[in-house]
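Take a look at the letters that make up each chain.
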Amino acid sequence: MKFDEKVFQLRKESRLSQEEVAERMNVSRQTISNWENGSAQPTLSKAVDLADLFEVSLDELVGKTVRNIEKTSPILSALVGQIVTIYLNPETDAWISVSKTELKHCDVIEVTPSNLKVIMTEKKQRVERLFFLKDIIAFKKEGE
């Protein structure tokens, strides 16, 4: 979304008129109109004030999407396709009961920077489970 569209959207979401925004920004209503129709841009200090008024970052105000690219550990990535035993933190709020902190024969099918997806056997059925890495204490490759 472009700056002019974002200003218009934020103003509408805030249920403010152009006059109200202009008054708070110490500019004319025409200035706000020009920002919204794309015929003018604010100075950097006015853009900061505008972002503060709408409680958004400058990046969001100007339409920049911020990508937080986390990389998955190569060690964890190497677990994909492996059969492992997973050791869970006993205080975890994961779906497994507190008494079951060792999960054997887990086939790792996917790893992300924050999750581990496995296929495991539960009550004689193969099920897919997703664990947060924060809940895992250790892994052990089976057969080693």
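You'll find the structure just up there.
So, how was this worked out
- Residues numbered from 1 in each chain as written.
- Predicted model: local features only at pLDDT ≥ 70, side-chain atom pairs only at ≥ 80, totals over all residues.
- Heavy atoms only, no water.
- Pairing = 2+ DSSP bridges.
- Helix = DSSP H or I, 4+ residues; strand = E, 2+ residues; numbered from the N terminus.
- Axes fitted to C-alpha atoms, helices over the stretch in contact; angles between N-to-C directions.
- Buried < 20%, exposed > 50% of the residue type's maximum accessible area, 1.4 Å probe, protein only.
- Salt bridge = Lys/Arg side-chain N within 4 Å of Asp/Glu carboxyl O.
- Parallel < 35°, antiparallel > 145°, perpendicular 65-115°, else oblique.
- Contact = heavy atoms within 4.5 Å.
- Nonpolar A, V, L, I, M, F, W, Y, C, P; charged D, E, K, R; others polar.
- Core = buried A, V, L, I, M, F, W, Y, C linked by side-chain atoms within 4.5 Å.

Would you take a moment to explain the sheet that holds strand 3 (residues 115-122) for this structure?
Sheet strands pair by backbone hydrogen bonding; their relative direction is either parallel or antiparallel. Taken in spatial order, the five strands make up an open sheet running 4-3-2-1-5, and their pairing is antiparallel. Edge positions in the open sheet fall to strand 4 (125-132) and strand 5 (136-141), since each of these has one partner strand only. Here the strands of the sheet are splayed against their neighbours by 40° on average, with no regard to which way each runs. Across four bridges, strand 2 (residues 102-111) lies against strand 3 in antiparallel orientation. Each residue of the ladder has a partner; that of Asp107, found in strand 3, is Ile119.

For this particular structure, what's the right way to read the environment of Val127?
You can see Val127 is positioned in strand 4. Sequence separation between Val127 and Cys106 is 21 residues, and the spatial gap between their C-alpha atoms is 10.0 Å.

What exactly am I supposed to notice about unusual backbone geometry here?
Glycine aside, the phi torsion of most residues is negative, and most peptide linkages are trans. In the Ramachandran plot, Lys123 falls in the positive-phi region, its phi being about 50° despite a non-glycine side chain. Position of Lys123 among the secondary structure elements: in the loop between strand 3 and strand 4. In this structure, Lys124 takes a positive phi of about 65° despite not being glycine. Judged by relative accessible area, which is 83%, Lys124 ranks as exposed.

I'm lost on the pattern of salt bridges in this one. Help?
If the charged atoms of two oppositely charged side chains come close together, the side chains can form a pair. Counting across every chain of the model gives eight salt bridges. Taking the shortest distance from any N to any O, the salt bridge between Glu128 and Lys117 comes out at 3.8 Å. In this pair, Glu128 sits in strand 4 while Lys117 sits in strand 3, placing the two residues eleven residues apart along the sequence. What you see here is one network of salt bridges that share partners, running through Glu110, Lys117 and Glu128.

Explain the packing of helix 2 (residues 18-25) against helix 3 (residues 29-37) here, please?
Helix-helix packing is described using two parameters, namely the angle between the two axes and the distance between the axes. Their axes nearest at 8 Å, the elements helix 2 and helix 3 cross at an angle of 110°. Classified by the angle their axes make, helix 2 and helix 3 are roughly perpendicular. Where helix 2 abuts helix 3, its residues Gln18, Glu19, Val21, Ala22 and Met25 lie against Arg29, Ile32, Ser33, Trp35 and Glu36. Here the residues of the contact of helix 2 with helix 3 sort into five nonpolar, two polar and three charged.

Can you help me understand the nonpolar core in this one?
Generally speaking, a soluble globular protein has its nonpolar side chains buried in company with each other. By size, the foremost hydrophobic cluster in this structure holds 16 residues, and its most contacted members are Ile86, Leu116, Val118 and Phe131. When residues of this core are traced back to their parent elements, those giving at least two are strand 1 (83-88), strand 2, strand 3 and strand 4. Looking at which element gives the most residues to this core, the answer is strand 2, with four residues. Ignoring sequence-local partners within four residues, the contact set of Val118 consists of Ile86, Cys106, Asp107, Val108, Ile109, Val127, Glu128, Arg129 and Phe131. Formed by 14 residues, the second largest nonpolar core is a distinct cluster that contains Val7, Met25, Val56 and Leu61.

Mind showing me how you'd approach the side chain of Lys6 here?
Within the secondary structure, Lys6 sits in helix 1 (residues 3-13). Of the residues examined, Lys6 reaches a relative accessible area of 13% and is grouped as buried. The residues contacting Lys6, other than those within four sequence positions of it, are Met1, Glu60 and Leu61.

So far we have only geometry, and geometry alone does not tell us how the molecule works.
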